[in-house]
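Coordinate inspection notes
Okay, here's what each chain looks like letter by letter:
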Amino acid sequence: MRTMKSGLLGLFLLGIALGLAFPASAQDEEASSNIEEQLQDRRDDEKIEMITITGSRIRRKEFTTAAPVSVIGKMEMEASGQASIGDILQKLPSQGNAINIQANNGGNGTTRVNLRSLGPNRTLVLVNGRRHVPGGNGADASVDLNAIPVAVIERVEVLKDGASALYGSDAIGGVVNIITKKNYTGIEANAYVASSQHGGGTTYDLSVTSGTKSDRGNLVFSANYYKNEPVWAHQRNFADYLIDFDWDCYANPTEGCNPTPWLGSSRTPEGMIGGASQEGGNDAWRALVTAYPDWEDHGGWFHRDPVLGWRPVNWGGTSDPSDPSPGDLYNYQPENYLYTPAERYSLYSTGRYNFFRHLNGYFESSYTARTSEQKLAPEPLALGLEGIVVSADNYYNPFGKDFFDMRRRMVEGGHRVWTQNGNTFRFVGGLDGSLPEMGALRSWYWDVSWNYGLTQNSEMNSGRYNRPKVANALGPSFVDSEGIPRCGTGPDNMIEGCVPLDFFSGAPNMTQEMIDYISYRGAAYGFTEQTSMLANLTGELFEIPFGGMVAVAMGYEYREMRGGYDPNPLEASGDTTGNKSEPTQGGYHVNEFFAELQIPLIANLPLIEMFELSAAFRSFHYSTFGGDYTWKLGTRWQLTEELTARGTYSTAFRAPSVGELYSGAYDDFPYVRDPCTTNDGRERTDLQKVNCTADGVPEVLNDPTVQLLSRAGGNTALEPETADIVTVGLVYSPDFISDLSLTLDYFQIKVDNAINTIGNAVILNACYNTTDVQAERDLCDRIHRNNAGFINYIDNRITNIGGVETAGIDFQLRYNLVTAGVGTFWFNLEGTWLLRYDQIQGRGDYESTVEGLNKYDLGVNPDLRANLSVIWALENWGAGLTARFVNRFDECKDDDCQPGEGKEVISRTVEAYHVWDLFVSYGWDSSFGDTKCTLGVNNVLDREPPIVYNAFLAPTDNTTYDLMGRLFYVRLAQTF
């Protein structure tokens, strides 16, 4: 890592030296934040430049292509009131269900983008048209957007179409192309501070960007510092506790039933004993079961009351003093982060130099160092899941009986903490130029580049325990000659260093010596490395009569991906409590050839201002699965100057990533409940009675667990997934209303042989809530139970499932209004109307469809998402209003909204969500330069996110809604 940092520093110092050698030109003309306006200015210029637009490798003079592309400019980024490009992109209506720093349990400090909700690994992220290295814990498949600071971004182009023929694997849901500043001159310093009204989450973002240019080239440098503080769940009223929604009570309310009891954990600080029989034990045990003859009616579990001692469990609620229906369960929610902290340092530089008339050199370099943290409630030890027995001969065991299932919250050991230290380095170097204009070689351009990226991550974990040491400490123990408890059966069989654990005296009763013996700090390491070599040639071939110039692009790309993840040794060997994980290591390489053709067939005729065809083709050969090809056809028909029709049809593919292929098995604890449980008076449906019995589950199964163990991991037998993508659209810019544009685009995507996990809830529901014994109940093989009927784990490893199908309509209205004396207004309304979102399980004769539209079974996929922004400017003043809307959807009992014969679907509606943001700005000139100050309020109405009872923790969906609440911010920009 020291070598990487010193090498990057050398690049920056070299750039400074080159910058001093460049005589700075006059300040650039004021740049518009709207890319269409910039391109119009270029058209009006006598020296019209050829440009490359996302969605095509052919250099062209016009902005509109056959594929739908939307642009986020500097003005829109500033109006968002956000300091992270990831937070900005996650609010796109076409994006959904991507991880961000609001993810605590299961998060790792990264933020990703997920176009069409098809998965972040199906959205390709480019920087200046070239791939960015994926980021995360190691062997990752998608880009961590936190590695790209906003200060260096000029605009973001979002291609909402498949582009595998143009860019290769992963471009199924679309492409996000981040364009950075290149021709900037001067120095600009930015400071951003934001803080929530409700406490926590204070964010700082500081940046300095400088640039210079001459007739021979340009150079840009930027340095950025970012920090955000955490928000604890107890700092937000909606997240201070979880709710165990009683669907049966909700659907058929009876006197005394409560549909919204608090949800708690059976791993309590005081401890619980379960699964024990009345037989055996000493007098104390027999006295206990005699004193409570109905203890088996409470699920066969005892809880240690701080006053009464051991007694049957009260499952009615939590021991939190605020719980309106108190019980014995533990409210772990306040002890979790709701918004995780992070700190980042970023450096960026880009430069370009003209060596000769037809030869240029360029480079891009960036480095980001990130520290992030997740913090969970103290370790919830469940000895039955860990295979640990509390010995009858344990010194602290008062009952003289072996216990095979005891549960305890280890509050004396503090929180479980994961801290990441990640570094992302990227360097692009290349040569480009134009060919001499000889004969047909007119306006031919070539480009050769080398792109290298490396993400390294180390993670420290504390708060979990050494499982063999826990087993030792709960095994037989004795008192030595000095009156000190020792582990073992006697002096001749003593376990050196072991300190017996007390699971019977309540909390806090464990000594520091007990905690120290079983504790450990674990270190994990991971990396993702990407190397790419790209050669591209583009130019015009010939002119078609009554049409235009036929243009072509062709090239070759070699790409190599490597990745690995080494968990700490205890986690890898399975000797830790909680989540286990196996190592990951692997890689692949690919050779690709591509070509693209643009054919303007007809122009300047009635109702045919321009009729253009386009085609793209890419062949590839992977070291992991062999070769194949993909292709794309497009058409753009400009009927008049006002109206353009466009459409594309393409095939796409995605190769299995390093992690998907080679990831070792790892534990997950999703928020799902065994449908066969009868705990707390729950009754099985008729379907569940039949299916649970078929799996050998007893009639009574008292399992209070709400987070079941799931085993996930890679699969070397994976095959590539393929996709068919259709878009059809209209672009309308009427002459009678200046600066108004309307776009309407239909999309349809069908992914076959999809690489994905089936989903724990889907597996459970398909097994126990269906009448189709042969088809869907085949998934029961993935559910592993012990001899008593309890679920040991669910096998949710990655596989090739049937596929994913989605369809919808994107719409956008943009309008610029200039009024004398009042100012200029920018209006932008953008949205996605989703018509279909399905996941197809299985294959062949055993396919079944899980419908996700307006159902929470597959995440938040409502029929309508939309954003509205109105920005005003007059002289030195500016103001803006932005709004984001997410429509309502349904969630259902057992997270299963799928209809079926003989099946009752109980559902509730999650309310629609809308958030409004406001800002006002003022700029002035002084002897120091130009100054601009912006004051803003995000979520001005302080809207809490809607409750989603089936969501993992919170209790809401942290990939969709704002968990911060009303946020005030100040942004100060100073240009020298």
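Residues numbered from 1 in each chain as written. Predicted model: local features only at pLDDT ≥ 70, side-chain atom pairs only at ≥ 80, totals over all residues. Heavy atoms only, no water.

**Regarding the overall build of the protein chain**
Within the protein chain one finds 14 helices and 47 strands. Against the globule reference of 30 Å for 976 residues, the protein chain gives a C-alpha radius of gyration of 31 Å, in line with a compact fold. Counting every position in the protein chain, which comprises 976 residues, the buried fraction comes to 59%. Within the protein chain, residue pairs in contact and separated by at least 24 positions form 71% of the contacts whose partners lie at least 6 positions apart. Put simply, the protein chain shows about 39,400 Å² of open surface, and 55% of that area lies on carbon and sulfur atoms. A distance of 5 Å separates the average location of the 77 positive side-chain charges in the protein chain from that of its 123 negative side-chain charges. (Helix = DSSP H or I, 4+ residues; strand = E, 2+ residues; numbered from the N terminus. Rg over C-alpha atoms; globule rule 2.2 N^0.38 Å. Buried < 20%, exposed > 50% of the residue type's maximum accessible area, 1.4 Å probe, protein only. Contact = heavy atoms within 4.5 Å. Areas by Shrake-Rupley, 256 points an atom, 1.4 Å probe, with all protein chains shown as cover. Lys, Arg positive; Asp, Glu negative; His and termini not counted. Charge placed at Lys NZ, Arg CZ, Asp CG, Glu CD.)

**Some remarks on the nonpolar core**
Of all hydrophobic cores here, the largest spans 34 residues; its most connected members are Ile172, Ile749, Val751, Leu764, Tyr768 and Ile783. Residues in contact with Ile749, not counting those within four places in the same chain, are Arg116, Leu118, Ile172, Asp724, Ile725, Val804, Glu805 and Thr806. With 30 residues, the next largest nonpolar core counts Ala276, Ala473, Met510 and Tyr517 among its residues. (Core = buried A, V, L, I, M, F, W, Y, C linked by side-chain atoms within 4.5 Å.)

**Concerning empty space enclosed by the protein**
Taken as a whole and assessed by the stated rule, the structure comprises 11 cavities of 30 Å³ or more. Approximately 890 Å³ is the volume attributed to the largest cavity. The biggest single contributor to the lining of the largest cavity is strand β41 (residues 864–874), with 4 residues. (1 Å grid on protein atoms, 1.4 Å probe; cavity = no way out; pocket = protein on both sides within 12 Å on 5 of 7 lines; lining within 4 Å. Points joined across faces, edges and corners; volume = space filled by probe spheres on them.)

**Some details on the sheet that holds strand β36 (residues 791–795)**
Taken together, the 4 strands give an open sheet; going across it, the order is β30-β31-β36-β35, and neighbouring strands pair in mixed fashion. Two strands in the sheet have a free side with no partner beyond their single neighbour: β30 (666–668) and β35 (783–785). The average angle at which neighbouring strand axes cross in this sheet is 30°, direction not considered. Two strands pair when backbone bridges link them, and β30 and strand β31 (residues 710–712) are joined in this way by 3 bridges, in the antiparallel orientation. Across the sheet, residue Asp668 finds its bridge partner in β31, namely Ser710. (Pairing = 2+ DSSP bridges. Axes fitted to C-alpha atoms, helices over the stretch in contact; angles between N-to-C directions.)

**Considering the state of the cysteines**
Scanning all chains against the criterion turns up 5 disulfides. Put simply, Cys249 and Cys257 are joined by a disulfide, and their sulfur atoms are 2.0 Å apart. Here the disulfide of Cys249 and Cys257 is right-handed, its torsion about the S-S bond being about 75°. Relative accessible area serves as the criterion here: at 5%, Cys249 is assigned to the buried category. What pairs with Cys892 in a disulfide is Cys897, and their sulfur atoms sit 1.9 Å apart. Since a negative S-S torsion denotes a left-handed disulfide, the Cys892-Cys897 link at about 105° is right-handed. (Disulfide = S-S within 2.5 Å.)

**Remarks on the packing of aromatic side chains**
Evaluated as defined, the whole model comprises 37 aromatic pairs. Between Tyr622 and Phe625, the aromatic rings sit 4.8 Å apart at their centres with planes inclined by 20°, giving stacked as the arrangement. Site record: aromatic cluster; members linked through ring pairs are Trp285, Tyr292, Phe302, Trp310, Phe399, Phe403 and Phe504. One cation-aromatic arrangement involves Lys181 over Tyr184; the distance from NZ or CZ to the ring centre is 5.5 Å. Over the ring of Phe245 we find Arg908; its NZ or CZ atom is 5.8 Å from the centre of that ring. (Phe/Tyr/Trp six-rings, centres within 6.5 Å; stacked < 30°, edge-to-face > 60°. Lys NZ or Arg CZ within 6 Å of the ring centre and 35° of its normal.)

**Observations concerning the pattern of salt bridges**
Taken as a whole and judged by the stated rule, the model has 48 salt bridges. A salt bridge links Asp305 to Arg311; its shortest N-O distance comes to 2.9 Å. Side by side, Asp305 and Arg311 carry an identical accessibility label, which is buried. Of the charged contacts in the structure, one is a salt bridge between Arg562 and Glu529, with a shortest N-O distance of 2.3 Å. With Arg562 in strand β25 (residues 549–566) and Glu529 in strand β24 (residues 522–543), the pair connects residues that are 33 residues apart, well separated along the chain. Assessed through its relative accessible area of 16%, Glu529 is described here as buried. (Salt bridge = Lys/Arg side-chain N within 4 Å of Asp/Glu carboxyl O.)

**Focus: unusual backbone geometry**
For the bond from Ala507 to Pro508, the omega torsion is -5°, close enough to zero to count as cis. Examined against the element boundaries, Pro508 turns out to sit in the loop between β23 (485–487) and α10 (512–518). A positive phi angle, near 65°, is found at Arg116, a position not held by glycine. Topologically, Arg116 is positioned in the loop between α4 (85–89) and β2 (123–127). One non-glycine residue with positive phi stands out, namely Asp894, at about 60°.

**Brief notes about the pairing of β36**
Sheet faces and side chains relate simply in a regular strand, where the side chains alternate between the two faces. Examined bridge by bridge, β31 and β36 share 2 bridges and lie parallel to one another. Opposite Arg711, over in β36, you have Asp795 as the bridge partner. Bridging between β35 and β36 involves 3 bridges; their strand directions are antiparallel. Bridged to His784 within β36 is Tyr793. Between the end of β35 and the start of β36, which pair antiparallel, lie 5 residues, with Gly789 showing a positive phi angle near 100°.

**Some points on the pairing of strand β16 (residues 342–356)**
For strand β8 (residues 217–228) and β16, the ladder comprises 12 bridges, and the chain directions are antiparallel. Directly across from Phe221, in β16, lies its bridge partner Ser349.

**Some thoughts on helix α7 (residues 283–291)**
Spacing of three or four residues puts side chains on the same side of an α-helix, whose turn is 3.6 residues. All of the buried residues in α7 are Trp285, Leu288 and Val289. Down the axis of α7, the sector holding all buried residues measures 90°, keeping them to one side. Every exposed residue of α7 that faces more than 90 degrees away from the buried side is listed here: Asp283, Thr290 and Ala291. Those residues of α7 that are buried lie in contact with β13 (301–305) and β14 (309–312). A side-chain oxygen of the first residue of α7 lies 3.1 Å from the backbone nitrogen of Ala284; this N-cap is Asn282. (Arc of directions from axis to C-beta. Polar contact = N/O pair within 3.5 Å; in protein donor to acceptor, adjacent residues only side chain to side chain.)

**Concerning helix α14 (residues 760–768)**
With 9 of 9 residues buried, α14 lies mostly within the body of the structure. Buried residues of α14: Asn760, Ala761, Val762, Ile763, Leu764, Asn765, Ala766, Cys767 and Tyr768, and no others. Buried residues belonging to α14 abut α13 (686–694), β31, β35, β36, β39 (823–841) and β40 (848–851).

**Looking at the side chain of Arg236**
You can see Arg236 is positioned in the loop between β9 (231–232) and β10 (242–243). Look at Arg236: it is buried, it has no salt bridge, and the nearest opposite charge is Asp942 at 7.0 Å. In terms of polar contacts, Arg236 uses its side chain to reach the backbone carbonyl oxygen of His198, at 3.2 Å. Within the structure, Arg236 has its side chain in polar contact with the backbone oxygen of Met964 (distance 2.9 Å). Residues contacting Arg236, with those up to four places away along its chain left out, are Ser196, His198, Gly199, Gly200, Val231, Leu338, Leu963 and Met964.

**Thoughts on the sheet that holds strand β1 (residues 69–73)**
Either a parallel or an antiparallel arrangement is found when strands of a sheet pair, and the pairing is made through backbone hydrogen bonds. Strand order in this open sheet of 5 strands is β1-β4-β5-β2-β3, and the pairing throughout is mixed. If you trace the sheet from one side to the other, it starts and ends with β1 and β3 (130–131), each paired once. Relative to strand β5 (residues 174–180), β2 runs parallel, the two sharing 5 bridges. If you follow Leu124 over to β5, its bridge partner there is Val175.

**Side note on a negative patch on the surface**
Taken together, Glu279, Asp294, Glu296 and Asp297 make up a surface patch of like negative charges. The residue Asp297 is located in the loop between α7 and β13 in this model. (Patch = residues over 30% accessible without salt bridge, like charges linked within 9 Å, V, L, I, M, F, W, Y side chains within 5 Å.)

**Quick look at a nonpolar patch on the surface**
Side chains of Trp877, Val920, Tyr922, Trp924, Leu935, Val970 and Leu972 sit close together on the surface and give an oily, nonpolar patch of about 600 Å² of accessible area. Mapped by element, the contributors of at least two residues to the nonpolar patch are β45 (913–926) and β47 (967–975). The biggest single contributor to the nonpolar patch is β45, with 3 residues. Mapped onto the secondary structure, Tyr922 falls in strand β45. The exposure class of Tyr922 is partly exposed, given its relative accessible area of 31%.

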